[in-house]
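Spelled out from the first residue to the last, the chains are:
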Amino acid sequence: AGERPPDSGSIALQKGARVALHDQRPPREAEISLGDYVFSGRAEMQVQFRDTDTANLARFEEALHALVAEAQRAGPCDVAIAPISKSEPAQMDAGFQRAIENAAERHAPGLHMRMPSGAGHDAIYVARVTPTAMIFIPCKDGISHNELEDARPEHVEAGANVLLHAVLARSLYGRRTQNLASRF
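Remember, it's a predicted structure, so these values are computed and weren't measured experimentally. Numbering of residues begins from 1 in every chain and follows the order in which that chain's sequence is written. With the structure being a predicted model, the display of local features is reserved for residues of pLDDT at least 70 and the display and counting of side-chain atom pairs for 80 or more, all residues being used for whole-chain, interface and lining totals. Excluded from the side-chain calculation are hydrogens and water; included are all heavy atoms of the structure.

**A word on the overall build of the chain**
We count a stretch as a helix when DSSP gives it H or I for four or more residues in a row; a strand needs E for two or more, and each element gets its number in order from the N terminus. When helices and strands are counted, the chain shows six helices and two strands. Secondary structure elements of the chain occur, N-terminal to C-terminal, as α-β-β-α-α-α-α-α. For every residue, the accessible area (1.4 Å probe, protein chains only) is compared with the maximum for its type, and the residue is labelled buried under 20%, exposed over 50%, or partly exposed between those bounds. When the 184 residues of the chain are sorted by exposure, 22% land in the buried category. Throughout, a contact is declared for two residues whenever any of their heavy atoms are within 4.5 Å. Counted over contacts in the chain with a minimum sequence separation of 6, partners at least 24 positions apart contribute 57%. With the model as given, the accessible surface of the chain reaches about 13400 Å², and the carbon-plus-sulfur share is 54%. All accessible areas in this document rest on Shrake-Rupley with a 1.4 Å probe, and a residue is counted as covered only by the protein chains that are shown.

**What about the nonpolar core?**
Residues grouped as a nonpolar core are buried Ala, Val, Leu, Ile, Met, Phe, Trp, Tyr and Cys residues, joined through side-chain atoms within 4.5 Å. Membership of the largest hydrophobic core is limited to six residues, which are Ala99, Ile100, Ala103, Ala104, Val162 and Ala166. Secondary structure elements with two or more residues in this core: α3 (94-107) and α5 (153-170). The leading source of residues in this core is α3, at four residues. Ignoring anything within four residues of it in the chain, the contact list for alanine 166 reads Phe96, Ala99, Ile100 and Ala103.

**Some details on helix α2 (residues 54-74)**
In this analysis, the expected span of each helix is defined as 1.5 Å times one less than the number of residues it contains. Here α2 is 21 residues long and its end C-alpha atoms lie 30 Å apart, about the 30 Å a rise of 1.5 Å per residue gives. Among the residues of α2, Asn56, Leu57, Phe60, Ala63, Leu64, Leu67, Val68 and Ala71 are the ones counted as buried. Axial view of α2: buried residues confined to an arc of 135°, hence all on one face. Facing away from the buried surface of α2 by more than 90 degrees, the exposed residues are Glu62 and Arg73. N-cap assignment for α2: the residue whose side-chain oxygen lies 2.8 Å from the backbone N of alanine 55 is aspartate 53. The arc refers to the directions leading from the helix axis to the C-beta atoms. Under the rule applied, a polar contact is a pair of N or O atoms within 3.5 Å (in protein, one hydrogen donor and one hydrogen acceptor; residues adjacent in sequence only if both atoms are side-chain atoms).

**Describing the packing of α3 against α5**
As a rule, the C-alpha atoms of each element are fitted with a line to give its axis, helices using only the stretch in contact, and angles between N-to-C directions run from 0 to 180 degrees. Put simply, α3 and α5 touch, their axes get as near as 8 Å, and they point 130° apart. Looking at the two axes, α3 sits oblique to α5. Along this stretch, α3 crosses α5, giving a crossing that reads as right-handed. From α3, Gly95, Phe96, Ala99, Ile100, Ala103, Ala104, Arg106 and His107 reach across to α5, where they touch Asn161, Val162, His165, Ala166, Val167, Ala169 and Arg170. These descriptions rest on fixed angle ranges, namely under 35 degrees for roughly parallel, over 145 for roughly antiparallel, 65 to 115 for roughly perpendicular, and the rest for oblique. Throughout, a crossing is termed right-handed when the near helix is turned clockwise from the far one, and left-handed when it is turned anticlockwise from it by less than a right angle.

**Digging into the confidence of the model for the chain**
Per-residue pLDDT for the chain has a mean of 75; in total, 68% of the residues score no lower than 70. Looking over the chain, one finds the lowest element-wise mean pLDDT in strand β1 (residues 31-39), namely 48, and the highest in α5, namely 93. A residue's pLDDT is the confidence the predictor assigns to it, expressed on a 0 to 100 scale. Note that residues 1-11 has pLDDT below 50 and, in this model, eight contacts with residues that lie over four places away or in other chains.

In C-alpha cells, the structure reads:
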C-alpha cells in the first residue's frame, strides 16, 4: 500500500524471524510451530509451544517474553505479545499406550515409536473423563494439520488396525481373552 514505507513490512518480518529463530534450543521431544501473516505495515506471527512437561512450557514462554522485550528495545518497529489461548497438556493413559504399542508391533513390526504429544487435540478434553491415548500415522514430508497433509492409504489402514486392536485389548472382550490365554 502506498501509505507505508516500502520496507516496513520487510522490517517487521525480519524482526519476527529474529525472535522466532533466536538461539533457544527446546528439548528434543518438544515441538514449536510458527506461522506468519503479513498485513499492510504490520506482521503477525503465531507461536505455539507443545510439550508434555508444564515446566518446559513455562520456560519457553519466559524465553519468548524476553526475546520480544529485547526486540522491542532494539526497534525500529514495535513488537508485542498477545496471547490467544493456553492449555495444560493432558497425560495419556499408560495402559492404552501399551495397548497401542502392542497393536503397532503386531501390524508394523519395528516400524513404530512412542511419541509424546502436548498438542491441543481433543484428547486434552477427553482425557479429563476417560483413559486416552493417541495414534499418529506418517504424513508426506511430515506435514500435518495443514491442507497439504497427505497420508498414504496403507498408513491410514495400518493406523486404523492399530486403533481397532488397541481398543479391543482394552475392552471387556480383550480382558476375557487375556484371562483365557493366561490359563493355558
